[in-house]
Amino acid sequence: MRWRNRTIASADFQSWAISNPLTRRIARRDAARVYDLVSGFVYSQTLLACVQLDLFSRIGEGTAEIGQLARSTDIPPERMERLCQAAAALDLLERAGTRRYRLGRLGAAICGVPGLDDMIRHHAMFYRDIADPVALMRGETAPELAQFWPYVFGQSGVTDQSVAQTYSGLMTSSQTLVSEETLRAIDLSGVQRLLDVGGGTGAFLKAVGQSWPGVERHLFDLPHVVATVGDPDLTVHSGSFRDDPLPRGHDACSLIRVLYDHDDDTVRALLAQCHDALPPGGRILVSEPMAGGEHPNKAGDAYFGFYTLAMTTGRPRSAARHSELLAEAGFASIEILRTARPFITGVITARRPKASI
Ligand SMILES: C[S@@+](CC[C@H](N)C(=O)[O-])C[C@H]1O[C@@H](n2cnc3c(N)ncnc32)[C@H](O)[C@@H]1O
């Protein structure tokens, strides 16, 4: 490895590799990847500008001319053209003639995911938080995300109904893909009563109802969050898992995108609570984006690593680490399930052993 890196890091080797027919392809690919790493932030900001200016919905299914887009967004035409060209380079838009654009494949895909535009918009805050990554890592900044997701600091943190509504709205809209992936991976046959702990506005339980209509669905979340649940088919329990006992009488419980918000001590206490609340043989389901452990991945380790850093709490965990924490809480039959899009979520199930008291 040391030899490999020393060789690759040599300028002479780089210029030889790019002209040698045997190594040219790899050298070009690596150079392009480095270029993308350097430019990644610009790409993200291009996307953010498109979303903030509603370019995708302005263009819709048709085409739009630069002058028209410039007038409707109050951006000078020359700059609008720059943005459209940048967006076209990223497959967000496509050229449809001189100074005219239609949606590109990625722009169309973004329109097809409900709530994704809101998710992208809230990244403006995250980007500000990571603008000085070293200061963030040293703890010298006051990240905005820590204020945006105040519930992680406990029940008392949420006092403003509008704050609860904003983050619940984001969670609900981003839940569609997570539910899809989770429900594709798990089998709920035999489950009679499911408690979704930290269930937000009930989007996951709604999806459970569609795929598993026989399952009785219960939701537990903070008082300000459950106040936004409008589904009469759900039984709602309000409380904080930090201070209140979890409701009993369920044979399964789920934690969807809950654990990565919290430190190990909170997670240990919560898993122990879930274990105690379940009957012997009861199932627990954990679904959230996961880090890669020995094989670091972009979504878990890079994106959520920094996201939770900016939240100033929580961390992404690998499936192996989740398994350790589940075993520590007394769970057995731990299974790491495969999902088609692990960058959206990873899924683990386990059971309270039949013999445990
Ligand atoms: C990241 S959101 C996930 C919501 C939902 N499970 C989803 O995937 O869309 C985390 C959820 O945990 C809830 N939560 C955080 N701390 C809590 C606590 N102490 N007691 C109960 N729920 C809590 C939040 O209110 C929020 O709804």
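The shown structure was predicted, so the numbers you read here are calculated from the model rather than taken from an experiment. (Residues numbered from 1 in each chain as written. Predicted model: local features only at pLDDT ≥ 70, side-chain atom pairs only at ≥ 80, totals over all residues. Heavy atoms only, no water.)

Q: Could you clarify how one ought to interpret the overall build of the protein chain in this entry?
A: The number of helices and strands found in the protein chain is 17 helices and 10 strands. Principal-axis analysis of the C-alpha atoms places the extent of the protein chain at approximately 70 × 55 × 40 Å. Burial status across the protein chain gives 45% buried among its 357 residues. A separation threshold of at least 6 residues defines the contact pool for the protein chain, and within that pool the share at least 24 residues apart is 62%. Summing over all exposed atoms, the protein chain offers an accessible surface of approximately 18,700 Å²; the carbon and sulfur share of this is 54%. Mean positive and mean negative side-chain charge positions of the protein chain (38 and 40 charges, respectively) differ by 8 Å. (Helix = DSSP H or I, 4+ residues; strand = E, 2+ residues; numbered from the N terminus. Buried < 20%, exposed > 50% of the residue type's maximum accessible area, 1.4 Å probe, protein only. Contact = heavy atoms within 4.5 Å. Areas by Shrake-Rupley, 256 points an atom, 1.4 Å probe, with all protein chains shown as cover. Lys, Arg positive; Asp, Glu negative; His and termini not counted. Charge placed at Lys NZ, Arg CZ, Asp CG, Glu CD.)

Q: Quick question: what am I supposed to make of a nonpolar patch on the surface here?
A: Where nonpolar side chains cluster on the molecular surface, the patch consists of Val34, Leu37 and Val38 and spans about 350 Å² of accessible area. In this fold, Val34 is placed in helix H3 (residues 24-52). (Patch = residues over 30% accessible without salt bridge, like charges linked within 9 Å, V, L, I, M, F, W, Y side chains within 5 Å. Salt bridge = Lys/Arg side-chain N within 4 Å of Asp/Glu carboxyl O.)

Q: What exactly am I supposed to notice about the site of the ligand here?
A: In the region of the ligand, 18 residues are neighbours, and Gln175, Gly198, Asp221, Ile256 and Arg257 sit closest. Take Gln175: an N or O atom from its side chain is 2.5 Å from an oxygen atom of the ligand. Take Arg257: an N or O atom from its side chain is 2.9 Å from an oxygen atom of the ligand. When the ligand is considered free in solution it has 590 Å² of accessible area, and contact with the protein chains removes 98% of it. Looking at the shell around the ligand, the elements that each hand over two or more residues are helix H12 (161-185) and strand E5 (216-221). (Near = heavy atom within 4 Å. Polar contact = N/O pair within 3.5 Å; in protein donor to acceptor, adjacent residues only side chain to side chain.)

Q: Looking at this structure, how should I read helix H15 (residues 264-277)?
A: The α-helix advances 3.6 residues per turn, and as a result positions three or four apart in sequence lie on the same side. The terminal C-alpha atoms of H15, which comprises 14 residues, lie 20 Å apart, in line with the 20 Å expected from a rise of 1.5 Å per residue. For H15, the full list of buried residues reads Thr266, Val267, Leu270, Leu271, Gln273, Cys274, His275 and Ala277. Elements in contact with the buried residues of H15: strand E4 (193-197), strand E7 (252-256), strand E8 (283-288) and helix H17 (319-328). (Expected span 1.5 Å × (residues − 1).)

Q: Would you take a moment to explain the domain arrangement of the protein chain for this structure?
A: How big an interface is tends to be stated in terms of accessible area lost as the parts join. Domain boundaries in the protein chain define domain 1 (2-112) and domain 2 (121-351). Placing the centre of domain 1 and that of domain 2 at their C-alpha centroids yields a distance of 33 Å. (Domains from an automatic or database assignment.)

Q: I would appreciate a short explanation of unusual backbone geometry in the present structure.
A: Glycine aside, residues mostly have negative phi, and peptide bonds are mostly found in the trans state. One non-glycine residue, Asp74, lies in the positive phi region at around 60 degrees. With respect to the secondary-structure elements, Asp74 resides in the loop between helix H5 (66-73) and helix H6 (77-89).

Q: How should the packing of aromatic side chains be read in this particular structure?
A: The description of an aromatic ring pair uses the distance of the two centres, along with the angle that the planes make with each other. Scanning the entire structure with this criterion turns up 7 aromatic pairs. Relative to Tyr127, the ring of Phe41 lies with its centre 5.7 Å away and its plane at 80 degrees, an arrangement referred to as edge-to-face. Of the two residues, Phe41 is situated in helix H3 and Tyr127 in helix H9 (residues 123-129); the sequence distance between them amounts to 86 residues. Relative accessible area serves as the criterion here: at 13%, Tyr127 is assigned to the buried category. Pairing Tyr303 with Phe304 gives two aromatic rings, centres 4.8 Å apart and planes at 85 degrees, and the pair type is edge-to-face. An aromatic cluster is defined as three or more aromatic residues linked by ring pairs; in this entry it consists of Phe126, Tyr260, Tyr303, Phe304 and Tyr307. (Phe/Tyr/Trp six-rings, centres within 6.5 Å; stacked < 30°, edge-to-face > 60°.)

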